[in-house]
Amino acid sequence: MPIAINGSGTITPTSAVQPTGSILQVVNVTSTTTASNLTETYADTGLTATISISAGSNVLILTSQQLDVTRASSTDARGAVKLLRGSTDIFAPGNNKSFGIEGASGNLSLFMCMTFAFLDTGASTGSNTYKTQFRITSAGSGHKIRINDDSGKSTITLLEVAG
């Protein structure tokens, strides 16, 4: 099936119907902004992407990679990252712990790349904005979490798929 790709990454079909499973649109956003959170309240990581879904039968595949650093000066260093469409949580970790170290002694640092792959079947036709938020899971004792520490890079990619 012939297609044309314009300069913004949108795929324009040259025929009237795309078969189920065809990638109709790709949006990719990269962020190098460092974000820090010292609280148990979720805060924006700065990684946000918007896509316009062309038909209600289509689905969205989302992937995201974020560089996370969690630090504590006690025995636990835990953090959580969640995914939102608009203001609605569409993925939040069970018991609010995505990653961490427990039962260690002294100052702790955990460096990692958090990766999401998510199939969103609830996106509405029109504009949909996706973002990630993060928090530490126990405040105090020097706990903090940072995204894109030391000039790191995070990405979010949205793919509209014909339903």
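No experiment lies behind these values; they were computed from the predicted model shown.

Parameters at a glance
Residues numbered from 1 in each chain as written. Predicted model: local features only at pLDDT ≥ 70, side-chain atom pairs only at ≥ 80, totals over all residues. Heavy atoms only, no water. Helix = DSSP H or I, 4+ residues; strand = E, 2+ residues; numbered from the N terminus. Buried < 20%, exposed > 50% of the residue type's maximum accessible area, 1.4 Å probe, protein only. Contact = heavy atoms within 4.5 Å. Areas by Shrake-Rupley, 256 points an atom, 1.4 Å probe, with all protein chains shown as cover. Phe/Tyr/Trp six-rings, centres within 6.5 Å; stacked < 30°, edge-to-face > 60°. Lys NZ or Arg CZ within 6 Å of the ring centre and 35° of its normal. pLDDT = per-residue confidence, 0-100. Salt bridge = Lys/Arg side-chain N within 4 Å of Asp/Glu carboxyl O. Core = buried A, V, L, I, M, F, W, Y, C linked by side-chain atoms within 4.5 Å. Pairing = 2+ DSSP bridges.

### With respect to the overall build of the chain
Link 1 in the chain: Each helix and strand counted, the chain has zero helices and 13 strands in total.
Link 2 in the chain: Taken from N to C terminus, the helices and strands of the chain fall in the order β-β-β-β-β-β-β-β-β-β-β-β-β.
Link 3 in the chain: A buried classification covers 41% of the 163 residues belonging to the chain.
Link 4 in the chain: Pairs at least 24 residues apart make up 76% of the contacts formed inside the chain by residues separated by at least 6 positions.
Link 5 in the chain: A total accessible area of about 7,700 Å² is found for the chain, and carbon and sulfur atoms account for 53% of it.

### Structural notes on the packing of aromatic side chains
Link 1 in the chain: Inspection of every chain in the model, using the stated rule, returns one aromatic pair.
Link 2 in the chain: Above the plane of the ring of Tyr42 lies Lys82, whose end atom (NZ or CZ) is 4.2 Å from the centre.

### Overview of the environment of Leu24
Link 1 in the chain: Turning to its location among the elements, Leu24 is positioned in strand S3 (residues 23–31).
Link 2 in the chain: Counting along the chain gives 36 residues from Leu24 to Leu60, while the straight-line C-alpha distance between them is 10.0 Å.

### Notes on the confidence of the model for the chain
When pLDDT drops low, the exact placement of atoms in the prediction is not to be read closely.
Link 1 in the chain: Per-chain confidence: the chain averages 83 in pLDDT, with 79% of residues scoring 70 or above.
Link 2 in the chain: Confidence, read as mean pLDDT per element, is least for strand S2 (residues 11–13) in the chain (60) and greatest for strand S13 (residues 154–161) (95).

### Remarks on the pattern of salt bridges
Link 1 in the chain: Under the counting rule described, the total for this entry stands at four salt bridges.
Link 2 in the chain: As a salt-bridge pair, Arg146 and Asp149 come within 2.7 Å of each other at their nearest N and O atoms.
Link 3 in the chain: The exposure class of Arg146 is partly exposed, given its relative accessible area of 22%.

### Description of the nonpolar core
Link 1 in the chain: Core analysis: the largest hydrophobic core is formed by 23 residues, its most contacted members being Ile51, Leu60, Leu62, Tyr130, Ile156 and Leu158.
Link 2 in the chain: When residues of this core are traced back to their parent elements, those giving at least two are strand S5 (43–53), strand S6 (59–72), strand S7 (77–85), strand S10 (108–120), strand S11 (126–136), strand S12 (144–147) and S13.
Link 3 in the chain: Considering every element that reaches this core, the biggest residue donor is S5, with four residues.
Link 4 in the chain: Residue contacts for Ile156: discarding those within four places in its chain leaves Val27, Asn28, Val29, Leu47, Thr48, Ala49, Leu62, Thr63, Ser64 and Tyr130.

### Considering the pairing of S13
Link 1 in the chain: S13 sits mainly inside the fold: eight of its eight residues count as buried.
Link 2 in the chain: Judged by which residues are buried, S13 turns out to be covered on both faces: Ser154, Ile156, Leu158 and Glu160 on one side and Thr155, Thr157, Leu159 and Val161 on the other are all buried.
Link 3 in the chain: In the sheet, S3 pairs with S13 via eight bridges, with the strands oriented antiparallel. Residue pairing in the sheet places Ile23 in a bridge with Val161 of S13.

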